[in-house]
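Breakdown of the fold
These are the residues of each chain, in order.
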Amino acid sequence: QVQLVESGGGLVQAGGSLRLSCAASGRTFSMYAMGWFRRVPGKEREFVATISSSGARTSYTDSVKGRFTISRDNAKNTAYLQMNSLRPEDTAVYYCAADLGYIGSNWRVVDYWGQGTQVTVSS
């Protein structure tokens, strides 16, 4: 089992940057694919990005390609989401996710979740 704790959310102006961190417990972090999802009130959780257990493969939803970068440091048991050129439509609660299998767009099958961190982008 793995426990996830996100940090790094906050309020930023449009065009600004934030880096989210996801600290994982346990000694098997390097076995898990990691992902980031986001949710706005009234909508379903939305896939943002995923990274394979080794970090060799990444994938992004189209709306964040070229602006967001997912990464991980297996020695520190931490995953990151660097968010640049933020837009008001990026405002959401961002969730870190972990799974021993592939993480795709279907959030319903992901095994582990963090508590979420709020990101607010003002125009």
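Bear in mind that the values here come from a model prediction, so they are computed numbers and not experimental data. (Residues numbered from 1 in each chain as written. Predicted model: local features only at pLDDT ≥ 70, side-chain atom pairs only at ≥ 80, totals over all residues. Heavy atoms only, no water.)

**Looking at the state of the cysteines**
Simply put, the disulfide is a covalent bond whose two ends are the sulfur atoms of two cysteines. Counted according to the given criterion, the structure contains one disulfide. Covalent S-S linkage joins cysteine 22 and cysteine 96, the inter-sulfur distance amounting to 2.0 Å. The sign of the S-S torsion, about -80 degrees, decides the handedness of the disulfide formed by cysteine 22 and cysteine 96: left-handed. A residue pair is termed long-range when its members are at least 10 positions apart, and cysteine 22 in strand E3 (residues 18-24) and cysteine 96 in strand E9 (residues 92-99) qualify at 74 residues. (Disulfide = S-S within 2.5 Å. Helix = DSSP H or I, 4+ residues; strand = E, 2+ residues; numbered from the N terminus.)

**Focus on the sheet that holds strand E1 (residues 4-7)**
Sheet strands line up and pair through hydrogen bonds in the backbone, either parallel or antiparallel. Ordered by their spatial adjacency, four strands build an open sheet running E1-E3-E8-E7, and the pairing between neighbours is antiparallel. Because the sheet does not close on itself, it has two edges, and the strands there are E1 and strand E7 (68-73). This sheet shows a mean twist of 15 degrees between the axes of neighbouring strands, independent of strand direction. Where E3 lies against strand E8 (residues 78-83), six bridges are found, and the strand directions are antiparallel. Within E8, the residue paired with serine 21 across the bridge is tyrosine 80. (Pairing = 2+ DSSP bridges. Axes fitted to C-alpha atoms, helices over the stretch in contact; angles between N-to-C directions.)

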